[in-house]
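# Fold and geometry: a report
Spelled out from the first residue to the last, the chains are:
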Amino acid sequence: MLSALCLAVVAMLLSTLTASALIGAAALTGSPARALVVAVGTVALSSALASWSLVRPVRTLRGRWGRALRRGSIRWAVLLSSTLLLSCCSWAVPAPAVSPADPTAATRWLARPDGTSLAVHLTRAAAATQPPLIILHGGPGVADMAHDAPAFAPLATDRDVYVYDRIGTGASSRLIDPSGYTITRAVADLEALRADIGAPRIALHAH
C-alpha cells in the first residue's frame, strides 16, 4: 500500500513537472517541436531520478516483499516513464479551430476575424430596461454553459442575460497556436460581444 501511494504521488509530481516544462518551452520558444524535445528530456530525467529515489529505500527491505519490490522496480520505472511520455506528447497535438455542436438550445455563434467563433447563449428579458448582463466564466478553461445558462436565467427580469464560452473552452473554437490565449485576446472577445449586442454599457458578472 505504501509503495502504491508513493508511486501515485511521484506520478502526479512528474506529470505536473512535465506539463509545466512543455507549456513553458512552448511559450518561450514558440516552437511545438522544441517544446516536445524539452518535455521528453524532462520526463526522461525526472523519471530516472524518481526511480533512483524509489529504488534506494526498496533495497533495504527484507523478506519476500522486499525481493518482489526490487524485481518490479525497473518495470514500474519503465511503465511510469512511458505513461508520462505519452501524456505529455498529447499536449503537443493541436485541436482543430472548429466549434462543436450546439451545447444548449438558444446558442448562437459570434464570428471573430481570425475565423474562430464564440458560443453565446441569450436569455431575453420580458422588458429589458437595464444594460445587458454578460456572464464571464472562470478558469481559464472552465466553461459550463449547460448549467450556467439556466442558473443565471432568473436574473433576466429587467435585462437580457448573455452566457458565453471563452475562446478555447466549452463549445467555442480552439486556437491552433496556444500562444494566442492572452489577456488581450480575452478582452477583445468580450468587447466584440458587447459591440455585437449593441449596448453602450453592460453589467459584468465574473467568477
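Sequence order as written defines residue numbering, which begins from 1 separately in each chain. Since the coordinates come from a predicted model, pLDDT governs what is reported: local features require at least 70, and pairs of side-chain atoms require 80 or more to be given and counted, while whole-chain, interface and lining totals use all residues. Only hydrogens and water are set aside when side-chain values are computed; all heavy atoms of the structure are taken into account.

### Structural notes on the environment of Leu 193
- Each helix is a run of H or I in the DSSP string that is no shorter than four residues. Each strand is a run of E no shorter than two, and both are numbered from the N terminus. You can see Leu 193 is positioned in helix α5 (residues 183–197).
- A sequence separation of 75 residues divides Leu 193 from Leu 118, and the C-alpha atoms of the two residues are 8.9 Å apart.
- In what follows, residue pairs with any heavy atoms lying within 4.5 Å of each other are defined as contacts. Look past the residues within four positions of Leu 193 in its chain and what remains in contact with it is Arg 108, Leu 110, Val 120, Ile 134 and Tyr 164.

### Overview of the sheet that holds strand β5 (residues 203–206)
- Strand order in the open sheet formed by five strands is β1-β2-β4-β3-β5, with mixed pairing between adjacent strands. This sheet does not close on itself; its edge strands, each paired only once, are β1 (107–111) and β5. Averaged over all adjacent pairs, the angle separating strand axes in this sheet is 30 degrees, with direction ignored.
- As defined by bridge partners, strand β3 (residues 133–136) adjoins β5 across four bridges and the pair is classed as parallel. By the bridge assignment, Ile 135 is partnered in β5 with His 205. Being paired, for any two strands, means DSSP has found at least two bridges between them. To define axes, lines are fitted to C-alpha atoms, for helices over the stretch in contact only, and angles between the resulting N-to-C directions are given on a 0 to 180 degree scale.

### A look at the nonpolar core
- Within the largest apolar cluster, 13 residues are counted, with the highest numbers of intra-cluster contacts made by Leu 110, Leu 118, Val 120, Ile 134, Tyr 162, Tyr 164 and Leu 193.
- For Leu 110, the residues in contact, after removing those within four places along its chain, are Thr 116, Ser 117, Leu 118, Val 120, Ala 192, Leu 193 and Asp 196.
- Residues enter a nonpolar core if they are buried and are Ala, Val, Leu, Ile, Met, Phe, Trp, Tyr or Cys, with the set joined through side-chain atoms within 4.5 Å. Only protein chains enter the accessibility calculation, which uses a 1.4 Å probe; a residue whose area is less than 20% of its type maximum is buried, one above 50% is exposed, and one in between is partly exposed. In terms of nonpolar packing, the next biggest core, distinct from the first, is built from ten residues, Ala 119, Leu 133, Ala 149 and Phe 152 among them.

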